[in-house]
Amino acid sequence: MVGIIRELTFATRENMDFLEITHALQEDLSKTGMKDGEGIFFIPHTTAGLTINENADPDVIHDLKLALKRIAPDLPGYRHLEGNSSAHLLASLMGFSLTVPVREGRLALGTWQGIYLCEFDGPRRRKLLVRWRAS
Amino acid sequence: MVGIIRELTFATRENMDFLEITHALQEDLSKTGMKDGEGIFFIPHTTAGLTINENADPDVIHDLKLALKRIAPDLPGYRHLEGNSSAHLLASLMGFSLTVPVREGRLALGTWQGIYLCEFDGPRRRKLLVRWRAS
Amino acid sequence: MVGIIRELTFATRENMDFLEITHALQEDLSKTGMKDGEGIFFIPHTTAGLTINENADPDVIHDLKLALKRIAPDLPGYRHLEGNSSAHLLASLMGFSLTVPVREGRLALGTWQGIYLCEFDGPRRRKLLVRWRAS
């Protein structure tokens with residue numbers, strides 16, 4: 001199953017939501033039996049992104065969301081009729097692809113790191129494309 | 001040709017320009033005949049970046065550019081004599097590398113996704129390094 | 001040594017520091033003897049990131065730091081008791097992973113590009129995970 005592209009789906013819970021997907025990704029990795037390589041993660045959406053941040057104190061995610069709202073307010077000059085231009089901006093700021101090393105069958109994340117699917121226009125169902133690439 | 005690094009060039013049209021390069025990348029992929037793997041895209045510049053966003057309604061790109069100008073105004077404390085510090089900032093915010101899965105000979109993009117070369121100090125000619133990596 | 005995950009450590013010098021690591025990475029690449037492929041770089045921290053920017057005029061990094069401080073001030077609504085929420089935000093804005101093509105044994109960087117470890121909560125020791133992947 002290594003090398004095969006895999007599609008996971010996640011249900012986000014709020015309009016702006018940082019959904020931690022570390023466990024789902026680690027579980028998917030474990031199914032492949034891959035020991036060393038990388039995980040390549042890709043969000044096929046335009047108002048959701050991917051990031052990494054602390055998963056110990058939930059206040060970090062609270063503060064991150066607060067700060068992102070301040071960075072991306074609705075602007076009077078916005079033209080896009082769907083009214084979600086800030087969501088498009090935030091997705092580009094967080095990014096759509098992430099490559100994480102795998103070591104001894106585990107995502108080689110730091111002690112405090114979790115991987116987050118960043119929803120900016122939810123709640124809704126989102127896809128994540130995953131490829132595990134053995135070294 | 002898979003595995004070989006390829007260099008594409010693009011002419012940007014404005015000082016701040018989001019040039020959609022999806023078709024050029026798909027065409028380059030098709031030439032390789034690669035069916036499954038990833039495309040690794042890299043911008044060897046410091047005032048241009050890469051992002052993904054909606055390519056259906058052009059108002060999304062309009063709004064994205066408006067928001068980025070607001071995030072990165074010229075600051076009185078800037079020292080760089082070329083006067084393009086905001087362009088350097090925006091390039092780092094969008095990012096320089098992007099990894100996109102390939103499935104059945106196609107970039108596995110979402111329905112509304114396009115890949116954009118983000119020009120922040122144009123117009124000028126820009127290079128993009130491309131590697132297609134088979135799985 | 002190609003394909004093996006490698007761990008480098010760096011000592012940052014200031015609370016907000018852009019430490020150029022291009023030479024250290026090129027030196028590590030040279031040890032592997034790899035000619036063509038990619039370097040995959042990953043920061044296993046939540047208040048440090050990775051970016052690329054100009055390494056010719058140090059004023060560019062000065063201006064980048066000035067602009068990032070403006071984008072991420074301390075906000076009254078922040079709850080995280082460690083008081084470094086802005087550092088978490090800036091790490092997510094810069095990003096945690098970077099993939100750089102390698103060509104003829106060299107990082108295929110642009111003329112003005114340097115790779116920076118972005119410290120937002122230093123000074124301290126930071127790790128960087130590196131994988132060289134031959135094509």
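Residues numbered from 1 in each chain as written. Chains lettered and ligands numbered in written order. Predicted model: local features only at pLDDT ≥ 70, side-chain atom pairs only at ≥ 80, totals over all residues. Heavy atoms only, no water.

Enquirer: I'd like a rundown of the interface of chain A and chain B, residues and numbers included.
Expert: Interface size is often expressed as the accessible area that is lost when the parts come together. Taken together, the contacts link 29 residues of chain A with 34 residues of chain B. Our count for the contact surface shared by chain A and chain B stands at 3 salt bridges. Residue Glu-38 of chain B pairs with Arg-133 of chain A through a salt bridge whose shortest N-O separation is 2.9 Å. Remark: the boundary between chain A and chain B carries 20 residue pairs in polar contact (both at pLDDT 80 or more). Secondary structure elements with two or more residues in the side of chain A that touches chain B: β1 (5-11), β3 (37-42), α2 (58-71), α3 (85-94), β5 (97-103) and β8 (125-134) of chain A. The greatest single-element share of the side of chain A that touches chain B, amounting to 5 residues, is contributed by α3 of chain A. A breakdown of the residues in the side of chain A that touches chain B according to their chemical character gives 14 nonpolar, 10 polar and 5 charged. (Contact = heavy atoms within 4.5 Å. Salt bridge = Lys/Arg side-chain N within 4 Å of Asp/Glu carboxyl O. Polar contact = N/O pair within 3.5 Å; in protein donor to acceptor, adjacent residues only side chain to side chain. Helix = DSSP H or I, 4+ residues; strand = E, 2+ residues; numbered from the N terminus. Nonpolar A, V, L, I, M, F, W, Y, C, P; charged D, E, K, R; others polar.)

Enquirer: Explain the interface of chain B and chain C to me, and be specific about the residues and the numbers.
Expert: Contact with chain B, which involves 29 residues of that partner, is made by 34 residues of chain C. The junction of chain B with chain C conceals about 2600 Å² of combined surface from both sides, 59% of it contributed by carbon and sulfur atoms. Counting every contact that joins chain B to chain C gives 3 salt bridges. Here Arg-103 of chain C makes a salt bridge to Glu-7 of chain B, at a shortest N to O gap of 3.2 Å. Taken together, the connections running from chain B to chain C amount to 20 residue pairs in polar contact (both at pLDDT 80 or more). Where the side of chain B that touches chain C is concerned, the elements lending two or more residues are β1 (5-11), β3 (37-42), α2 (58-71), α3 (85-94), β5 (97-103) and β8 (125-134) of chain B. The greatest single-element share of the side of chain B that touches chain C, amounting to 5 residues, is contributed by α3 of chain B. Taken together, the residues of the side of chain B that touches chain C break down into 14 nonpolar, 10 polar and 5 charged. (Buried area = accessible area lost by both parts, 1.4 Å probe.)

Enquirer: How would you sum up empty space enclosed by the protein? Please name residues and give values.
Expert: The final tally for this structure, using the stated rule, is 2 cavities of 30 Å³ or more. Size it by volume and the largest cavity reaches roughly 370 Å³. Forming the boundary of the largest cavity are 30 residues, of which Met-94, Gly-95 and Ser-97 of chain A, Ser-97 of chain B together with Ser-97 of chain C lie nearest the centre. Taken together, the residues of the lining of the largest cavity break down into 15 nonpolar, 15 polar and no charged. A volume near 60 Å³ is recorded for the second largest cavity. Every residue along the wall of the second largest cavity is listed here: Glu-38, Ile-40, Thr-99 and Arg-133 of chain A, Glu-38, Ile-40, Thr-99 and Arg-133 of chain B together with Glu-38, Ile-40, Thr-99 and Arg-133 of chain C. Listing elements by their share of the lining of the second largest cavity, those giving two or more residues are β3 of chain A, β3 of chain B together with β3 (37-42) of chain C. Considered class by class, the residues forming the lining of the second largest cavity number 3 nonpolar, 3 polar and 6 charged. (1 Å grid on protein atoms, 1.4 Å probe; cavity = no way out; pocket = protein on both sides within 12 Å on 5 of 7 lines; lining within 4 Å. Points joined across faces, edges and corners; volume = space filled by probe spheres on them.)

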